[in-house]
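Letter by letter, the chains look like this.
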Amino acid sequence: MAREYMDGATAIVRGAIDAGCTFFAGYPITPATPILLHMVRELPKVGGVALEAEDEIAAISMCIGATLAGARAMTATSGPGISLFSENIGLAIMAEIPLVIVDAQRLGPATGGATTGAQGDIQFLRWGTSGGYPVIVLAPASVAECYTLTLRAFDLAERFRVPVFLATDKDMVMNMATVDTEALKRVPVRERRLAATPPPQYRDPRWRPEETFLPWAFEPIDAVPPMAHFGGPHIVRVTTSTHDEHGFLTKDPAKVQRLNEHLWRKIMDHREETEFAHYDPQEGADVLFLAYGTPARAMREAVRQARAAGHRVSALTLHTLWPVPEGILSFALRGVRRVVVGELNFGQYTREVERIAYREAARHGVPAAEVIGVYRVDGLPLHPEAFLKAIT
Amino acid sequence: MAVATKPKVTPKIYKPEFPIDWCPGCGDFGIVNAIHQALARLNIPRHQVAVVGGIGCSGKAQYHVSTYGVHTLHGRPVPYATGIRLANPHLHVIVVSGDGDSMAIGAGHFVNAGRRNVNFTYLMFNNEVYGLTKGQAGPTLPLGLQTKSLPEPNMNAAVNPLMLALASGYTWIGRGYSYNIRHLVNLIVQAIEHPGSAFLDILQPCPTYNDLHTKEWFAGEDIGHGRLYDLQEEGYDPVIPQDADEDTVRAKLLRFIEKAQEWGDRIPIGVFLVNKNIDMYEERINRRVGNYFETPPAVRPLADENGITLTDLSPIFDEYLMT
């Protein structure tokens with residue numbers, strides 16, 4: 001067993017490099033700065049490029065540009081930086097850019113509590129750009145999971161050509177823990193699907209491959225088109241505007257509808273591929289504890305204490321927040337009388353759980369589980385007592 | 001299709017079939033033609049060029065060059081260009097951006113790109129107005145002027161793009177005119193060949209919304225002689241040689257400032273600065289990475305056939321190991 005004492009930032013950087021990240025751009029912001037510093041120090045050692053941009057907008061723009069040219073890119077920030085990312089997140093969705101964005105959450109709103117943890121960005125990450133199109137959000141609950149879910153984030157970004165967020169927080173990124181590095185769960189590196197190489201005449205300047213190759217064609221509608229890197233054999237055009245299969249701006253309603261439906265369905269029709277969680281069931285339990293991120297640690301201790309005191313309690317740690325892992329949730333909600341959701345916000349995810357609980361109850365003709373949210377927004381971690389008090 | 005042994009490159013190669021929606025007489029046509037001609041003269045294959053545009057009439061220029069193209073967000077083409085170039089330093093990257101895109105919303109990126117000196121070509125379409133949104137005052141419109149769309153005279157002073165480029169650290173600075181295509185092609189060719197960030201301010205009359213600084217105004221119809229003159233024809237030498245001493249550099253900069261301030265009846269165009277004293281960012285990366293140009297991020301192999309990373313992180317993280 002190789003034990004290492006490391007923080008979440010180190011685990012994320014390690015996961016990123018193992019996932020084949022070759023480009024990083026970031027801007028200093030507490031508590032995401034350690035990721036920037038580690039990347040600037042470590043990425044060049046493995047042949048990658050990491051740089052400190054002039055602001056968050058430049059950071060994410062550079063990452064998107066680098067991805068177009070063939071790199072695998074990641075950036076990291078906190079809530080205020082996510083605000084500045086907003087427009088570019090939209091572009092990354094529109095131009096189908098695989099990208100990993102780490103959000104080390106801190107207490108908001110605005111500059112808020114720069115050095116205190118929180119989970120106030122959970123709905124913001126999902127709805128943080130115009131249009132309402134889906135993104136994927138993963139949330140590690142331990143330093144080891146910071147490693148694995150970073151690999152997973154790169155994998156899903158490539159699978160769906162979409163920005164994938166890693167929702168962490170100050171305590172997750174900066175607190176240190178002992179990790180058995182040999183037991184770390186790995187995710188194989190997914191090869192980027194590239195457009196088939198055309199015949200060698202592409203080097204003939206008179207050849208016009210764009211007349212035959214359609215970089216933005218998808219068939220069926222939920223298929224993810226292959227990428228064609230700048231400098232490679234295909235000439236492609238990338239645009240922030242609603243576009244046709246050539247990448248030219250279009251206002252044709254039929255093409256606009258099909259493109260937008262594609263951006264939705266390529267993820268939502270395959271949401272089962274995005275659902276990850278850790279479920280700890282107990283036979284006969286009618287109480288379910290539910291958490292994600294840092295509060296999941298308090299939850300695990302609460303489960304131990306509750307069971308020791310003779311209560312029957314199941315526990316669900318969500319690793320995927322968006323799309324809402326409805327399959328996992330409806331499974332875990334079966335036979336449950338009460339759900340206790342612990343969050344470092346005013347119940348941003350509690351409402352999603354409530355939504356699923358009501359829908360499942362209606363579907364099965366049974367009373368809906370009572371969903372109780374336990375919250376804390378003073379910058380300090382949730383304690384196990386918060387869960388325990390809500391059992392009875 | 002047969003492959004010719006020595007394909008002849010003509011400007012037409014770079015011209016795609018995409019409908020142009022610029023106004024008749026727009027200066028942008030001249031710039032796009034000049035880009036086609038410059039690429040043809042340099043004989044650069046289309047798949048080795050990326051044109052990156054922002055938002056505005058200028059941002060649409062990338063649709064009219066048949067190479068890789070990105071239509072990015074308002075004010076953001078520079079960081080996109082930076083990312084593209086750093087991921088693949090074998091690409092020729094050209095930014096097409098307006099005065100609003102560059103000097104207003106994107107000014108922060110403009111300044112910081114100068115600090116890095118990444119090798120790209122920055123073409124700024126300077127017409128002093130926001131044409132696409134129907135003629136609001138741009139950041140290069142002088143104080144007190146009132147173009148036809150403005151309800152009141154401009155209350156902001158103009159930024160001087162050449163001075164800002166100098167202060168930011170651009171290592172090649174020039175100014176062209178969109179109706180002098182032959183001259184403009186020469187400038188774009190030099191800008192592309194320059195190893196570093198090359199900034200070309202292109203005076204580009206907007207026939208629809210700028211009724212003050214028009215084609216006729218630049219032609220000096222009101223004063224009896226053309227306003228524009230070529231710096232190089234008057235013997236101005238823009239080059240700061242490699243390893244130039246402090247006095248030489250200072251003298252060059254003072255001369256630059258003098259020329260960059262000229263406006264009114266005599267407006268200089270041409271090459272203002274070629275600073276060979278500063279290396280490009282890619283060279284700085286290469287000194288850290290070693291084989292950067294051979295295996296840049298875009299082409300680095302990532303994993304073996306089983307999806308297992310090729311990267312051995314153990315030496316990097318040794319400091320965290322507990323014994």
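Residues numbered from 1 in each chain as written. Chains lettered and ligands numbered in written order. Predicted model: local features only at pLDDT ≥ 70, side-chain atom pairs only at ≥ 80, totals over all residues. Heavy atoms only, no water.

Quick look at the domain arrangement of chain A
Residues and elements named next belong to chain A. Here chain A is described as being made up of domain 1 (3-183) and domain 2 (275-389). A separation of 26 Å is found between the C-alpha centroids of domain 1 and domain 2. The interface is formed by 25 residues belonging to domain 1 together with 26 residues belonging to domain 2. In total, domain 1 and domain 2 occlude about 2100 Å² of area from one another, counting both sides; carbon and sulfur atoms represent 55% of this. The largest contributions to the domain 1 side of the interface with domain 2 come from Q119, I122 and Q123, which together make up 29% of the buried area. One can count 13 residue pairs in polar contact (both at pLDDT 80 or more) joining domain 1 with domain 2. Classifying every residue of the side of domain 1 that touches domain 2 by side-chain character gives 14 nonpolar, 5 polar and 6 charged. (Domains from an automatic or database assignment. Contact = heavy atoms within 4.5 Å. Buried area = accessible area lost by both parts, 1.4 Å probe. Polar contact = N/O pair within 3.5 Å; in protein donor to acceptor, adjacent residues only side chain to side chain. Nonpolar A, V, L, I, M, F, W, Y, C, P; charged D, E, K, R; others polar.)

Considering the layout of surface pockets
The method is simple in principle: a probe with the dimensions of a water molecule rolls over the atoms, and the space it marks as empty is what remains. Counted as a void, the largest pocket has a volume near 680 Å³. Lining the largest pocket are 35 residues, and of these G70(A), L194(A), H229(A), A298(B) and V299(B) lie nearest its centre. Its residues assigned to classes, the lining of the largest pocket comprises 18 nonpolar, 11 polar and 6 charged. Approximately 450 Å³ is the volume attributed to the second largest pocket. Together, 28 residues line the second largest pocket, and G56(B), C57(B), Y130(B), G131(B) and L132(B) are the ones closest to its centre. Counting only elements with at least two residues in the lining of the second largest pocket, the list comes to α3 (99-105) and β5 (129-130) of chain B. For the lining of the second largest pocket, the per-class residue count stands at 12 nonpolar, 10 polar and 6 charged. (1 Å grid on protein atoms, 1.4 Å probe; cavity = no way out; pocket = protein on both sides within 12 Å on 5 of 7 lines; lining within 4 Å. Points joined across faces, edges and corners; volume = space filled by probe spheres on them. Helix = DSSP H or I, 4+ residues; strand = E, 2+ residues; numbered from the N terminus.)

Things to note about the packing of helix α1 (residues 28-42) of chain B against helix α6 (residues 181-193) of chain B
Residues and elements named next belong to chain B. Packing of α1 against α6 brings their axes to within 8 Å, and their N-to-C directions diverge by 55°. Of the possible angle classes, the one that applies to α1 and α6 is oblique. The interaxial crossing formed by α1 with α6 has right-handed handedness. Here G30, I31, N33, A34, I35, Q37, A38, L39, R41 and L42 of α1 come into contact with α6, specifically with I181, L184, V185, N186, I188, V189, I192 and E193. Here the residues of the contact of α1 with α6 are counted per class, giving 12 nonpolar, 4 polar and 2 charged. (Axes fitted to C-alpha atoms, helices over the stretch in contact; angles between N-to-C directions. Parallel < 35°, antiparallel > 145°, perpendicular 65-115°, else oblique. Left-handed = near helix turned anticlockwise from the far one by under 90°.)

Here we look at the sheet that holds strand β15 (residues 338-343) of chain A
Residue and element names in this part refer to chain A. Pairing within the open sheet is mixed, and its 5 strands lie in the order β11-β13-β12-β15-β16. The outermost strands of the open sheet, each flanked by one partner alone, are β11 (277-280) and β16 (370-375). Mean inter-strand twist for the sheet, computed between neighbouring axes without regard to direction, equals 15°. Note that β15 and β16 share 6 bridges and pair parallel. Bridging from a neighbouring strand, G342 pairs with V374 of β16. (Pairing = 2+ DSSP bridges.)

Some points on the pairing of strand β5 (residues 99-107) of chain A
All names here are of chain A. The element β5 is extensively covered by neighbouring structure, given that 9 of its 9 residues are classed as buried. Across 4 bridges, strand β4 (residues 73-77) lies against β5 in parallel orientation. From the neighbouring strand, A76 faces β5, where its bridge partner is V102. Read from β4 through helix α4 (residues 79-94) to β5, the crossover connection turns out right-handed. Sheet analysis places β5 next to strand β8 (residues 163-169), joined by 7 bridges and oriented parallel. Its bridge partner being in β8, A104 is matched across the sheet by T168. As paired elements, β5 and strand β6 (residues 113-117) share 2 bridges and run antiparallel to each other. (Buried < 20%, exposed > 50% of the residue type's maximum accessible area, 1.4 Å probe, protein only. Right-handed = clockwise from strand over helix to strand, strands pointing away.)

Re the interface of chain B and chain A
Buried accessible area, meaning the area lost when the parts come together, often serves as the stated size of an interface. Contacts between the two partners involve 63 residues from chain B and, on the opposite side, 71 residues from chain A. Of the roughly 5900 Å² buried between chain B and chain A, counting both surfaces, carbon and sulfur atoms make up 62%. At the junction of chain B and chain A, the tally comes to 1 salt bridge. Between E54(A) and R116(B) there is a salt bridge, and its shortest N-O distance comes to 2.9 Å. Among the elements of the structure, β2 (68-71), α2 (77-87), α4 (107-116) and α9 (281-289) of chain B are those that each provide at least two residues to the side of chain B that touches chain A. (Salt bridge = Lys/Arg side-chain N within 4 Å of Asp/Glu carboxyl O.)

With respect to the environment of T10(A)
Mapped onto the elements of the fold, T10(A) is located in helix α1 (residues 8-18). Counting along the chain gives 305 residues from T10(A) to A315(A), while the straight-line C-alpha distance between them is 28 Å. Setting aside anything within four residues of it in sequence, one finds T10(A) in contact with H38(A), F317(B) and Y320(B).

Some points on the environment of A196(A)
Position of A196(A) among the secondary structure elements: in the loop between β9 (176-180) and β10 (237-239). Along the primary structure A196(A) and P233(A) are separated by 37 residues, whereas in three dimensions their C-alpha atoms are 9.0 Å apart.

What about empty space enclosed by the protein?
Residues and elements named next belong to chain A. One pass over the structure, following the stated rule, counts 7 cavities of 30 Å³ or more. Quantified by volume, the largest cavity comes out at close to 90 Å³. L68, A95, R161, P215, W216, P226, M227, A228, F230, V236 and V238 are the residues that line the largest cavity. Classifying every residue of the lining of the largest cavity gives 10 nonpolar, no polar and 1 charged.

Let's talk about unusual backbone geometry
Residues and elements named next belong to chain A. Of note, the amide linkage connecting T30 to P31 takes the cis form, showing an omega dihedral of 0°. Considering the arrangement of structural elements, one finds P31 in the loop between β2 (23-26) and α2 (33-42). A cis amide bond links E219 with the next residue in sequence, P220, at an omega value of 0°. Note on placement: P220 falls in the loop between β9 and β10. The phi dihedral of R161 is positive, around 50°, even though this residue is not glycine.

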